[in-house]
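Examining the three-dimensional arrangement
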Amino acid sequence: MDFDAVTDWAAHKAAVERHVMSNLERVMPGFSKKIVVCLSASARTSQQFTLNHRGAMLGWEMSPDQLGEHRPALNGLVRNLYFVGHWTQPGGGITPVIVSAMRVAETINARAAGGFAPTDFAPTDAAQPPSAASPELARVVHAETS
Ligand SMILES: Cc1cc2nc3c(=O)[nH]c(=O)nc-3n(C[C@H](O)[C@H](O)[C@H](O)COP(=O)(O)OP(=O)(O)OC[C@H]3O[C@@H](n4cnc5c(N)ncnc54)[C@H](O)[C@@H]3O)c2cc1C
């Protein structure tokens, strides 16, 4: 959906509800009469509760060119600053978010023990630009780290 194009969120939400209900009613006639409580959430609701940009439910788009190594890396421009969550590698969803946190935790633990984790993705001397979701971001990051 085009978040910025929505001017009346109440009307947008009502339209989505009608769309969902009509489809449910089509496959299960009489469904709407059985509903006791009906609650819905829009992208704006998600933004209000999670502060994710435009209410993004999975971070960057879940497309092959924006997943895995194509998402921003778990290490950033500042040494020992790490990122976890669905805007980073490997991607959106509960399990990938846990994976990002586990990778960072493993790396921090290994460093604390004086070792070098196999999953150590964060070069300490020559910071590599993280893979970025957009060429523009990649250029900025590269300029910052060069
Ligand atoms: C409706 C919905 C259904 C979903 N269903 C599924 C599903 O079935 N399976 C699945 O795998 N994934 C699902 N997802 C996706 C999954 O929930 C997310 O990818 C995941 O929760 C992202 O985790 P996160 O830690 O990166 O970010 P979030 O879960 O968004 O957590 C970010 C947290 O940071 C807080 N925060 C933000 N800014 C600040 C600030 N400045 N100061 C302090 N706190 C701040 C927010 O309040 C929030 O608690 C769903 C998402 C939505 C919205």
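Scroll up for the structure.
Note that this is a predicted model, so its numbers are computed, not measured.

Let's talk about unusual backbone geometry
- Each neighbour pair has its own omega, and for Gln-89 with Pro-90 the value is 5 degrees, a cis peptide bond.
- For Leu-51, which is not glycine, the phi dihedral falls at a positive 65 degrees.
- Following the sequence through the fold, Leu-51 ends up in the loop between α2 (43-50) and α3 (94-112).
- Despite not being glycine, Arg-54 has its phi angle at roughly 55 degrees, a positive value.
- Its place among the elements puts Arg-54 in the loop between α2 and α3.

Some details on the site of the ligand
- Surveying the vicinity of the ligand reveals 13 residues, the closest of which are Leu-51, Met-57, Gly-85, Gly-93 and Ile-94.
- When contributions to the shell around the ligand are tallied by element, the ones reaching two or more residues are α2 and α3.
- Counting the residues that make up the shell around the ligand, at least three belong to each of domain 1 (3-55) and domain 2 (64-145).

What counts and how
- Residues numbered from 1 in each chain as written.
- Predicted model: local features only at pLDDT ≥ 70, side-chain atom pairs only at ≥ 80, totals over all residues.
- Helix = DSSP H or I, 4+ residues; strand = E, 2+ residues; numbered from the N terminus.
- Near = placed C-beta within 6 Å.
- Domains from an automatic or database assignment.

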